[in-house]
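Geometric and topological summary
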Protein chains: 4
Amino acid sequence: MIKTKIKDTELVKKRQKQICRGAMKVFQKKGYHDASIREIAKSSRISLGSLYDYIEKKEDILFLVHNNILEELYRDYEEIGDKYGNYINKFIKLVREGFYNTSFFREELLFIYTETKSLDKENRQEILKKESSYVDFIEGLIEEGNRQGVFECKKPGIYANILTFLLIIIPLRGWNILPRFSEEEMLEELISMILKGLNVKGEPYIPK
Amino acid sequence: MIKTKIKDTELVKKRQKQICRGAMKVFQKKGYHDASIREIAKSSRISLGSLYDYIEKKEDILFLVHNNILEELYRDYEEIGDKYGNYINKFIKLVREGFYNTSFFREELLFIYTETKSLDKENRQEILKKESSYVDFIEGLIEEGNRQGVFECKKPGIYANILTFLLIIIPLRGWNILPRFSEEEMLEELISMILKGLNVKGEPYIPK
Amino acid sequence: MIKTKIKDTELVKKRQKQICRGAMKVFQKKGYHDASIREIAKSSRISLGSLYDYIEKKEDILFLVHNNILEELYRDYEEIGDKYGNYINKFIKLVREGFYNTSFFREELLFIYTETKSLDKENRQEILKKESSYVDFIEGLIEEGNRQGVFECKKPGIYANILTFLLIIIPLRGWNILPRFSEEEMLEELISMILKGLNVKGEPYIPK
Amino acid sequence: MIKTKIKDTELVKKRQKQICRGAMKVFQKKGYHDASIREIAKSSRISLGSLYDYIEKKEDILFLVHNNILEELYRDYEEIGDKYGNYINKFIKLVREGFYNTSFFREELLFIYTETKSLDKENRQEILKKESSYVDFIEGLIEEGNRQGVFECKKPGIYANILTFLLIIIPLRGWNILPRFSEEEMLEELISMILKGLNVKGEPYIPK
DNA sequence: AATGAATGAGAATTCATTCAT
DNA sequence: CATGAATGAATTCTCATTCAT
């Protein structure tokens, strides 16, 4: 995807990870635009010239970082579906994991949400495709719930979008929420709301 | 707030509005960082020198634009509460208006969400305060609903945050939603979900 | 032709001349490619930022210099035709002037001949057009000589090209000629050869 | 001349030829300054590191190319003198061959004429010496013609310079000539002019 | 002898901001 | 109050050359 001057693909992976790590530190402090390539090189402990052997342009670093964050965030999400007992618990577990994940990567996700626009069209679409596929995964789960008769959700596509959107409420609105409420409280209300929205059969979910 | 060299406050207002309008056009096309002051001046039909009589630094323009967008967005929201018949309809109406509003200002809101970080601490907090006060207003409505016995919401503060967050789902996730669903569909599901979440008494809301 | 950020056209002319002069000094010493914009700015006694208010890119400076040199070189060439007595003398005078001119601008012409290639297509063509028009002028003179019956030249277009080419022999081959022969000697032989080539009627030209 | 790290002189020759060929392709497309060593290495199918075993610096490649072109251009010129019948025909033949040669190597010669300046003093002088020696050869021919009584040329050194200069009119001014005239036409006029200039005894040369 | 990864100096260009008029 | 010319620090990126393997 990213054009490099280096042939050894193992090395490319290693160095790009190195650059990615270095860049994230700088981006955290200064944001993408105010981070200079020189700083990123220094923070990556790589020379300016070498850095450009592993990327083509500054934006490529942003792409690397995007990919890296999404990879961490979405790591193993497909396995989660298999682990837990009955379907509703499975689902609750999934929301819970997703929420903790997004909260854990709070700053990274905020970064992604504010800087995806700085990618060029092609790279942006690749990133959005990854996010899309997570929504699709959730949509599939909701449909399965419908089939199993535990949910009754008319528009799984829309709900999947709402649900994944709600998961990032902490990264995007934490500044207003966290001074007053804990992540736990937020999560419990979210789960309750989501389950109600899905018209779960049986006992309503009682927030702890 | 913004330090100007000009004393005539009426003129300052007029020119700042002029700058704001010019800047928004440029920001739309290029984003904040890639918009040069020269372009903004040209687009505002004001000379480069004059521009700096009405602002101190580039960031001030971003602040002007933020204020302007939020003002448009939140214009008259307090009146809405008064207009409509019973409380639930009132509430539905409010959500509906809010949703249409945010969808109408879709690009502007996306801009705000991605560029608030570029404001310095002081200006950023002033902007966030405005957003906060909208959440507070919603929180107040929910509490009133509780008092009137039409809602049963244990954590109005959290719900207010969820609700206001959901209103901007189109600006932030429209890229994934709008290719598959209409704004109308989205809105109906949102209303239904929100009302369920608030444990509204009586008939459940049926999405159109 | 060159896009500037400055509106005052008089000032643009003045500054561009200033830049042109400064650049020529640097080009003389280092050539076009090894001359840095910084040096050119310094040599022009203009700040780096200001320099870029009067040009768009480095190549524009090359274009300015080209134009300037050709202007000096071709200054008043059209008037020369009118000044002198009989047609042959007129012609000889013209060759003489042309030769001295090119010899005077020896370094500048060598520069042009080696760096025209560095202009982009559009600018290069504009420069070549100027050179063309001088050839056309010479062609006209030869045709007039034919009409007046003092020359008998079958292919004035070709001769005009040969003649103008011969005029730059000093700039291009001076390194081999001047150590052994004087410019005068060269010139006399050129005139003699050219007149023979044109089949001038009457007494042959005797080189001094 | 060029300092190499490799001892095997046969290999050095082979690789330098290889580099030369690769470089010429790149120079053709981009010119000397815009050709990067990387590209040249790739075009020569030699590794970047190896390349520097056979040259010391970029300029050395330019020198190799210069030499190579001049070698091709001047290949066998000394033999030509011997081949043809009477002296004038011999001479005409020589001019003809020289002209076709320079036209054939049109782009290469233009390259040489515009880039010799990029050689350092030492290398430049070596190249110029080669060109000089061709002029000297022509000078010798003219003197021989004088001795044989077929020419009457007072300044063979000057004429040799003029003549060799005229031979490169196509590479240097083809852009203005070739759109209107054929190489053949040009050549015929050149021969006619040169012979007149040499005061050839007997019938004048009639251009075809 | 061959490879290709590493280096950092230096290039062109942009741009927010100031200031003389 | 308005204008727009002037400034120079800072930015991204390139490239000849070196060196460890």
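So, here's what we can say about the structure. (Residues numbered from 1 in each chain as written. Chains lettered and ligands numbered in written order. Predicted model: local features only at pLDDT ≥ 70, side-chain atom pairs only at ≥ 80, totals over all residues. Heavy atoms only, no water.)

Looking at the nonpolar core
Grouped together as the largest cluster of nonpolar side chains are 147 residues, with contacts concentrated most on A:Phe91, B:Phe27 and B:Phe91. One finds C:Met193, D:Val12, D:Ala23 and D:Leu187 within the second-largest nonpolar core, a separate group that totals 146 residues. (Core = buried A, V, L, I, M, F, W, Y, C linked by side-chain atoms within 4.5 Å. Buried < 20%, exposed > 50% of the residue type's maximum accessible area, 1.4 Å probe, protein only.)

Side note on helix H4 (residues 58-74) of chain B
An α-helix turns once per 3.6 residues; consequently, residues spaced three or four apart project the same way. Residue and element names in this part refer to chain B. In this model H4 runs 25 Å from its N-terminal to its C-terminal C-alpha over 17 residues, within 8% of the 24 Å that 1.5 Å per residue would give. Buried residues dominate H4, accounting for 14 of its 17 residues. At the C-terminal side of H4, Asp76 shows a positive phi close to 65°. (Helix = DSSP H or I, 4+ residues; strand = E, 2+ residues; numbered from the N terminus. Expected span 1.5 Å × (residues − 1).)

Quick look at the interface of chain A and chain B
It is common to give the size of an interface as the accessible area lost on bringing the parts into contact. Opposite the 39 residues of chain A that make contact, chain B presents 39 residues. When the two sides are added together, the surface that chain A and chain B hide from each other amounts to roughly 3900 Å², 64% of it contributed by carbon and sulfur. Considering only the surface of chain A that becomes buried against chain B, A:Phe165, A:Arg173 and A:Met193 emerge as the three largest contributors, covering 18% of it. A salt bridge links A:Arg180 to B:Glu139; the nearest nitrogen and oxygen atoms lie 2.8 Å apart. Scanning the region where chain A abuts chain B turns up 19 residue pairs in polar contact (both at pLDDT 80 or more). Taken together, the elements giving at least two residues each to the side of chain A that touches chain B come down to helix H1 (9-34), helix H7 (106-115), helix H8 (121-147), helix H9 (156-167), helix H10 (169-177) and helix H11 (183-197) of chain A. When its residues are assigned to classes, the side of chain A that touches chain B shows 18 nonpolar, nine polar and 12 charged. (Contact = heavy atoms within 4.5 Å. Buried area = accessible area lost by both parts, 1.4 Å probe. Salt bridge = Lys/Arg side-chain N within 4 Å of Asp/Glu carboxyl O. Polar contact = N/O pair within 3.5 Å; in protein donor to acceptor, adjacent residues only side chain to side chain. Nonpolar A, V, L, I, M, F, W, Y, C, P; charged D, E, K, R; others polar.)

Structural notes on the protein's contact with DNA strand F
Not every one of the 38 residues close to DNA strand F is listed here, only the nearest: B:Ile6, B:Gly49, B:Tyr54, C:Arg15 and C:Tyr54. Among atoms of DNA strand F positioned within 4 Å of the protein, sugar and phosphate together represent 60%. A distance of 2.9 Å is found between a base nitrogen of DNA strand F and a backbone nitrogen or oxygen belonging to B:Gly49. Where the surface near DNA strand F is concerned, the elements lending two or more residues are helix H2 (37-43) and helix H3 (48-54) of chain A, helix H3 (48-54) of chain B, helix H1 (9-34) and helix H3 (48-54) of chain C together with helix H3 (48-54) of chain D. Of the residues assigned to the surface near DNA strand F, the class counts are 15 nonpolar, eight polar and 15 charged. (Near = heavy atom within 4 Å.)

Details of the relation of the copies chain A and chain B
Once turned by 179° and shifted 0.0 Å along the axis, chain A lies on chain B with an RMSD of 0.2 Å. What the rotation and shift describe, once combined, is the action of a two-fold rotation axis. Within chain A, the C-alpha atom positioned nearest to the axis of rotation is that of A:Thr114, 2.1 Å from it. Mapped onto chain B, 100% of the interface residues of chain A are again interface residues, and the two copies thus contact each other with one and the same surface. (Least-squares fit on C-alpha atoms with pLDDT ≥ 70 in both.)

With respect to a positive patch on the surface
Positive charge collects at one region of the surface, where A:Lys13, A:Lys17, A:Arg21, A:Lys25, A:Lys29 and A:Arg45 lie side by side. In this fold, A:Lys13 is placed in helix H1. (Patch = residues over 30% accessible without salt bridge, like charges linked within 9 Å, V, L, I, M, F, W, Y side chains within 5 Å. Areas by Shrake-Rupley, 256 points an atom, 1.4 Å probe, with all protein chains shown as cover. Lys, Arg positive; Asp, Glu negative; His and termini not counted. Charge placed at Lys NZ, Arg CZ, Asp CG, Glu CD.)

Side note on the protein's contact with DNA strand E
The environment of DNA strand E is formed by 37 residues, the closest being A:Arg15, A:Tyr54, B:Ile37, D:Ile6 and D:Tyr54. For DNA strand E, the backbone portion of the atoms within 4 Å of the protein, that is sugar and phosphate, comes to 60%. In the environment of DNA strand E, a phosphate oxygen lies 2.9 Å from a nitrogen or oxygen atom belonging to the backbone of A:Lys7. Secondary-structure elements contributing two or more residues to the surface near DNA strand E are H1 and H3 of chain A, H3 of chain B, helix H2 (37-43) and H3 of chain C together with H3 of chain D. A class-by-class count of the residues in the surface near DNA strand E yields 15 nonpolar, eight polar and 14 charged.

Comments concerning the packing of aromatic side chains
Geometrically, a pair of aromatic rings is defined through the distance of the ring centres and the angle of the planes. Following the criterion strictly, the structure yields 34 aromatic pairs over all chains and no others. Judged by centre distance (5.3 Å) and plane angle (15°), the rings of B:Phe27 and B:Phe111 are stacked. With B:Phe27 in helix H1 (residues 9-34) and B:Phe111 in helix H7 (residues 106-115), this pair connects stretches of sequence that are 84 residues apart. B:Phe111 shares its class with B:Phe27; the two are buried. Geometrically, the ring pair formed by D:Tyr74 and D:Tyr134 is stacked, given 4.6 Å between the ring centres and 15° between the ring planes. (Phe/Tyr/Trp six-rings, centres within 6.5 Å; stacked < 30°, edge-to-face > 60°.)

Considering the environment of B:Lys117
Mapping B:Lys117 onto the fold places it in the loop between H7 and helix H8 (121-148). Since its relative accessible area comes to 32%, B:Lys117 is described here as partly exposed. In the structure, B:Lys117 is positioned 77 residues away from B:Ile40 in sequence and 20 Å away in space, judged by C-alpha atoms. Excluding its chain neighbours within four sequence positions, the residues that come into contact with B:Lys117 are A:Thr114, A:Glu115, A:Lys117 and B:Arg124.

Quick word on the packing of helix H11 (residues 183-197) of chain C against helix H9 (residues 156-167) of chain D
Between H11(C) and H9(D), the shortest axis-to-axis distance is 10 Å and the interhelical angle comes to 60°. When the interaxial angle is binned, H11(C) and H9(D) end up oblique. The handedness of the crossing between H11(C) and H9(D) is right-handed. Here C:Glu185, C:Met186, C:Glu189, C:Leu190, C:Met193 and C:Lys196 of H11(C) come into contact with H9(D), specifically with D:Ile158, D:Tyr159, D:Ile162 and D:Leu166. (Axes fitted to C-alpha atoms, helices over the stretch in contact; angles between N-to-C directions. Parallel < 35°, antiparallel > 145°, perpendicular 65-115°, else oblique. Left-handed = near helix turned anticlockwise from the far one by under 90°.)

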